[in-house]
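Architecture at a glance
Residue strings, one per chain:
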Amino acid sequence: MQATLPAHLYGCPDAWARERTAVFGRAWLFLGHEAEAPAPGDWIATDIAGHRLLAVRGKDGVLRAFHNVCRHRAGPLVDGARGHCDGELVCAYHGWRYALDGRLRAATGFGAADGFDPRAFGLLGLRLEIWRGLAFATMDADAPPLADHVAPLEALLSGRGLDFAAPALRRSHDLACDWKTYAENYLEGYHIGSVHPVLADELGAAEYRVRVEGDLVLQEAVGVNDGPQAGVWGWLWPNLGVNVYRDGAMIERMTPVGPGRTRLDYLCLNDGGENALGEALTASDRLTAEDAAICEAVQRNLSAGAYDRGVLSPNHEIAVAWFQSRIAEVHP
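So, a few notes on the structure that sits alongside this text. Because the structure is a prediction, the values reported are computed rather than measured. (Residues numbered from 1 in each chain as written. Predicted model: local features only at pLDDT ≥ 70, side-chain atom pairs only at ≥ 80, totals over all residues. Heavy atoms only, no water.)

**As for the pattern of salt bridges**
On inspection of all chains with the given rule, the structure shows 18 salt bridges. With a shortest N-O distance of 3.0 Å, R97 and E88 are connected by a salt bridge. Residue classification places E88 among the buried residues on the basis of a relative accessible area of 16%. Its salt-bridge partner being R263, residue D265 comes within 2.8 Å of it at the nearest N-O pair. For the pair D265 and R263, a shared accessibility class is recorded, and that class is buried. Each of the salt bridges in this network shares a partner with another, and the network as a whole consists of R160, R211, E213 and E220. (Salt bridge = Lys/Arg side-chain N within 4 Å of Asp/Glu carboxyl O. Buried < 20%, exposed > 50% of the residue type's maximum accessible area, 1.4 Å probe, protein only.)

**Examining empty space enclosed by the protein**
Enumeration according to the criterion identifies 2 cavities of 30 Å³ or more in this entry. Considered as a void within the structure, the largest cavity measures approximately 290 Å³ in volume. Surrounding the largest cavity, 21 residues form its lining, Y186, W233, E252, L287 and D291 being those nearest its centre. The element that contributes the greatest number of residues to the lining of the largest cavity is helix α6 (residues 279-304), accounting for 4 residues. Here the residues of the lining of the largest cavity sort into 10 nonpolar, 8 polar and 3 charged. Along the walls of the second largest cavity sit 10 residues, with Y245, A249, M250, L277 and A280 positioned nearest its centre. For the lining of the second largest cavity, the elements supplying multiple residues, two or more each, are β17 (248-258), β18 (261-269) and α6. (1 Å grid on protein atoms, 1.4 Å probe; cavity = no way out; pocket = protein on both sides within 12 Å on 5 of 7 lines; lining within 4 Å. Points joined across faces, edges and corners; volume = space filled by probe spheres on them. Helix = DSSP H or I, 4+ residues; strand = E, 2+ residues; numbered from the N terminus. Nonpolar A, V, L, I, M, F, W, Y, C, P; charged D, E, K, R; others polar.)

**A few points about the sheet that holds strand β6 (residues 82-84)**
Pairing within the open sheet is antiparallel, and its 7 strands lie in the order β2-β11-β10-β5-β4-β3-β6. Each of the sheet's edge strands pairs with one partner strand only, and the pair in question is β2 (29-33) and β6. Sheet twist, expressed as the average angle between the axes of neighbouring strands with direction ignored, equals 30°. Contacts from helix α2 (residues 146-159) reach β10 (125-131) and β11 (134-138), with the element oriented near 15° to β10. (Pairing = 2+ DSSP bridges. Axes fitted to C-alpha atoms, helices over the stretch in contact; angles between N-to-C directions. Contact = heavy atoms within 4.5 Å.)

**What about the sheet that holds strand β7 (residues 88-90)?**
Strand order in the open sheet made by the 3 strands is β7-β8-β9, with antiparallel pairing throughout. This sheet does not close on itself; its edge strands, each paired only once, are β7 and β9 (104-106). Mean inter-strand twist for the sheet, computed between neighbouring axes without regard to direction, equals 35°. Judged from the 2 bridges that link them, strand β8 (residues 97-99) and β9 form a sheet pairing that is antiparallel. Bridged to R97 within β9 is A106.

**Focus: the state of the cysteines**
Chemically, a disulfide is nothing more than a covalent bond linking the sulfur atoms of two cysteines. Summed over the entire model, instances satisfying the criterion amount to 0 disulfides. This cysteine, C268, is not joined by any disulfide, and C295 carries the nearest cysteine sulfur, 19 Å off. (Disulfide = S-S within 2.5 Å.)

**A look at the nonpolar core**
If you look at the biggest cluster of nonpolar residues, it comprises 61 residues, and the most contacted ones within it are L31, Y182, L187, W235 and F323. Not counting chain neighbours up to four residues away, the residues in contact with L31 comprise I44, T46, L53, A55, A65, L128, A135, A137, R170 and R253. Within the second largest apolar cluster, 24 residues are counted, among which are L146, L156, V244 and L269. (Core = buried A, V, L, I, M, F, W, Y, C linked by side-chain atoms within 4.5 Å.)

**Quick notes on the packing of aromatic side chains**
On inspection of all chains with the given rule, the structure shows 14 aromatic pairs. Both rings, one in W235 and one in F323, keep their centres 5.8 Å apart while their planes meet at 80°; by these two values the pair is edge-to-face. Within this pair, whereas W235 is found in strand β15 (residues 231-236), its partner F323 is found in helix α7 (residues 318-328), the two being separated by 88 residues in sequence. With respect to burial, W235 and F323 carry one shared label: buried. (Phe/Tyr/Trp six-rings, centres within 6.5 Å; stacked < 30°, edge-to-face > 60°.)

**Examining the layout of surface pockets**
Its boundaries defined by the atoms lining it, the largest pocket holds a volume of some 550 Å³. Lining the largest pocket are 22 residues, and of these E184, E188, V298, Y307 and E317 lie nearest its centre. Only α3 (179-186), α6, β19 (311-312) and α7 provide two or more residues apiece to the lining of the largest pocket. If you tally residues by element for the lining of the largest pocket, the top one is α6, at 5 residues. Residues belonging to the lining of the largest pocket are distributed by class as follows: 12 nonpolar, 7 polar and 3 charged. Taken as a whole, the second largest pocket holds about 330 Å³ of empty space. If you go around the second largest pocket, you meet 16 residues; those closest to its centre are R26, A27, D215, W237 and R326. For the lining of the second largest pocket, the secondary structure elements donating two or more residues are α1 (13-24) and α2.

Written as structure tokens, this is what we have:
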């Protein structure tokens with residue numbers, strides 16, 4: 001029998017600080033699709049657990065990732081989720097200018113200073129790798145290659161002849177719950193009958209299987225009919241859902257934004273564009289609303305003080321047990 005993590009870890013500032021460094025500071029983090037930055041000067045940016053990251057297409061056509069922070073006094077280089085800059089990144093605070101490959105081009109108006117070498121003040125770079133058009137970055141110089149991280153999911157998709165389409169739509173939803181609360185909800189189908197009545201009806205008597213392989217949790221409804229939710233749900237450590245449906249795919253990033261606060265970032269993939277998403281988008285909105293309501297209610301109870309620890313089902317919550325075991329490793 002495995003007990004759950006203690007309730008105080010959900011929304012605790014100390015837990016948040018440890019997870020920022022020990023989980024997100026060492027993982028491969030999804031930034032976006034490379035097709036969202038097709039031309040030199042195009043960029044995409046995000047904030048994950050307080051890490052402000054960007055990727056920009058260089059004049060040589062290479063997509064590179066950096067911290068979205070100027071080396072002078074920490075001003076921002078870009079603002080928003082995506083955009084374009086004309087040949088260089090310019091700090092919004094004091095106007096320092098950087099080439100698209102991260103080199104400091106001009107410390108605008110800085111003046112002569114003993115010992116100041118512009119070559120030592122380039123942008124803080126990150127490892128960036130692409131898988132099936134999806135751009136990931138890591139702050140860990142020693143992290144295994146991205147291909148190792150996604151290998152189980154790649155094998156599954158390749159074995160079934162599944163491809164990813166082009167980006168069609170981005171959406172975001174803010175939740176009043178800890179990122180772990182939402183991730184754990186995603187990792188089990190135990191709650192479907194209670195929380196998702198329409199989905200439960202679609203699944204019918206299908207066998208719901210969950211397995212863990214490496215950094216991947218795979219969920220499948222075996223024998224399901226051809227409803228809009230029929231498909232494969234893959235989840236990559238630490239916070240990325242890769243949902244492949246009959247109408248396309250949906251990338252779902254569970255983005256921690258602070259203790260007890262989460263933002264869901266969706267990237268829908270469909271070669272027909274937004275209008276071709278059809279029933280899958282409607283179903284996703286319904287499921288998100290249902291999951292948000294229960295996760296926020298659970299978070300309120302985790303924070304109320306009556307509940308400390310529970311117990312995990314060996315039949316239904318094997319992936320939750322795996323997730324909580326990994327989270328426990330970063331907390332004393």
